[in-house]
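Letter by letter, the chains look like this.
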Amino acid sequence: MSFQNSQSFPSPSAPLQVAFNRSELSLILALYGRMVAAGEWRDYGISCQRELAVFSVFKRTAETPLYRIEKRPKLRQRQGMYSVVSMDQQILKRGHELKSVLRVLERKLIRAVK
């Protein structure tokens, strides 16, 4: 009697999709709330895919996202798994800690008062 290795079951180490955990979402939604209060952002969308999770931020619902906050666990050992990508696909900040990566967006909240 012989056993064959079945490929129908996914391995327990490989997740079916990447998602933000509760602490990550807490940091992102805290920033989102401050930006909504400042009138900068109006809507958001979350996408969980096999390779990455994306939190997209919109000024208006019908537009393309202003910013995308991405989580790519594959890049954990290299540049860092978190990144902020602008509307024109430019990576504004990449790193290992979400809090430090989100600082690039918090700077947009600081304005000179006249």
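Up top is the structure these notes are about.
My aim in this report is to walk through the structure given alongside it, one point at a time. Computed from a predicted structure; not experimentally measured.

Comments concerning the overall build of the protein chain
Item 1. From N to C terminus, the protein chain includes two helices and five strands.
Item 2. For the protein chain, the N- to C-terminal ordering of α and β elements is α-β-β-β-β-β-α.

What about the packing of helix H1 (residues 22–37) against helix H2 (residues 98–106)?
Axis angle and axis distance: for two packed helices, these are the angle between their axes and the distance between the axes, and together they describe the pair.
Item 1. With their axes 11 Å apart at the nearest point, H1 and H2 run at an angle of 10 degrees to one another. Judged by the inter-axis angle, H1 sits roughly parallel to H2. When H1 is examined against H2, the residues Glu 24, Leu 27, Ile 28, Leu 31, Arg 34 and Met 35 are found in contact with a partner set consisting of Leu 98, Lys 99, Leu 102, Leu 105 and Glu 106.
Item 2. For the contact of H1 with H2, the per-class residue count stands at seven nonpolar, no polar and four charged.

Regarding the nonpolar core
Item 1. In this structure, Ile 28, Trp 41, Phe 55, Ile 69, Val 84, Leu 102 and Leu 105 are the most contacted members of the largest nonpolar core, which totals 21 residues.
Item 2. Taken together, the elements giving at least two residues each to this core come down to H1, strand S2 (53–58), strand S3 (67–71), strand S4 (82–86) and H2.
Item 3. In terms of residue count, H2 provides more of this core than any other element does, five residues in total.
Item 4. Once you skip the residues sitting within four places of it in the chain, Ile 69 turns out to touch Phe 20, Ile 28, Ala 53, Val 54, Phe 55, Ser 83, Val 84, Leu 98, Leu 102 and Leu 105.

Some points on a positive patch on the surface
Item 1. On the surface, Lys 93, Lys 99, Arg 103 and Arg 107 cluster together into a positively charged patch.
Item 2. Tracing the backbone shows Arg 103 in helix H2.

Details of H2
Item 1. For H2, every residue scored as buried is listed here: Leu 98, Val 101, Leu 102, Val 104 and Leu 105. Down the axis of H2, the sector holding all buried residues measures 130 degrees, keeping them to one side.
Item 2. Here the buried face of H2 lies against H1, S3, S4 and strand S5 (91–95).

A closer look at the packing of aromatic side chains
Item 1. Tallied over the entire structure, the rule returns five aromatic pairs.
Item 2. Ring centres 5.0 Å apart and planes at 75 degrees place the aromatic pair Tyr 32 and Tyr 44 in the edge-to-face group. Of this pair, Tyr 32 sits in helix H1 while Tyr 44 sits in strand S1 (residues 43–48); the two residues are twelve residues apart in sequence, bridging distant segments of the chain.
Item 3. Tyr 44 sits in the partly exposed class, given a relative accessible area of 36%.
Item 4. Connected via pairs of aromatic rings, a cluster forms that spans Tyr 32, Trp 41, Tyr 44, Phe 55 and Tyr 67.

Topic: the side chain of Lys 71
Item 1. With respect to the helices and strands, the residue Lys 71 is situated in strand S3.
Item 2. Owing to a relative accessible area of 9%, Lys 71 belongs among the buried residues under this scheme.
Item 3. Reaching out from Lys 71, the side chain makes a polar contact with the backbone oxygen of Ala 19 at a distance of 2.9 Å.
Item 4. A distance of 3.1 Å separates the side chain of Lys 71 from the side chain of Glu 24, its partner in a polar contact.
Item 5. Excluding anything up to four places from it in sequence, Lys 71 contacts Val 18, Ala 19, Phe 20, Asn 21, Glu 24, Glu 51, Leu 52, Ala 53, Met 81 and Tyr 82.

What counts and how
Residues numbered from 1 in each chain as written. Predicted model: local features only at pLDDT ≥ 70, side-chain atom pairs only at ≥ 80, totals over all residues. Heavy atoms only, no water. Helix = DSSP H or I, 4+ residues; strand = E, 2+ residues; numbered from the N terminus. Axes fitted to C-alpha atoms, helices over the stretch in contact; angles between N-to-C directions. Parallel < 35°, antiparallel > 145°, perpendicular 65-115°, else oblique. Contact = heavy atoms within 4.5 Å. Nonpolar A, V, L, I, M, F, W, Y, C, P; charged D, E, K, R; others polar. Core = buried A, V, L, I, M, F, W, Y, C linked by side-chain atoms within 4.5 Å. Buried < 20%, exposed > 50% of the residue type's maximum accessible area, 1.4 Å probe, protein only. Patch = residues over 30% accessible without salt bridge, like charges linked within 9 Å, V, L, I, M, F, W, Y side chains within 5 Å. Areas by Shrake-Rupley, 256 points an atom, 1.4 Å probe, with all protein chains shown as cover. Salt bridge = Lys/Arg side-chain N within 4 Å of Asp/Glu carboxyl O. Lys, Arg positive; Asp, Glu negative; His and termini not counted. Charge placed at Lys NZ, Arg CZ, Asp CG, Glu CD. Arc of directions from axis to C-beta. Phe/Tyr/Trp six-rings, centres within 6.5 Å; stacked < 30°, edge-to-face > 60°. Polar contact = N/O pair within 3.5 Å; in protein donor to acceptor, adjacent residues only side chain to side chain.

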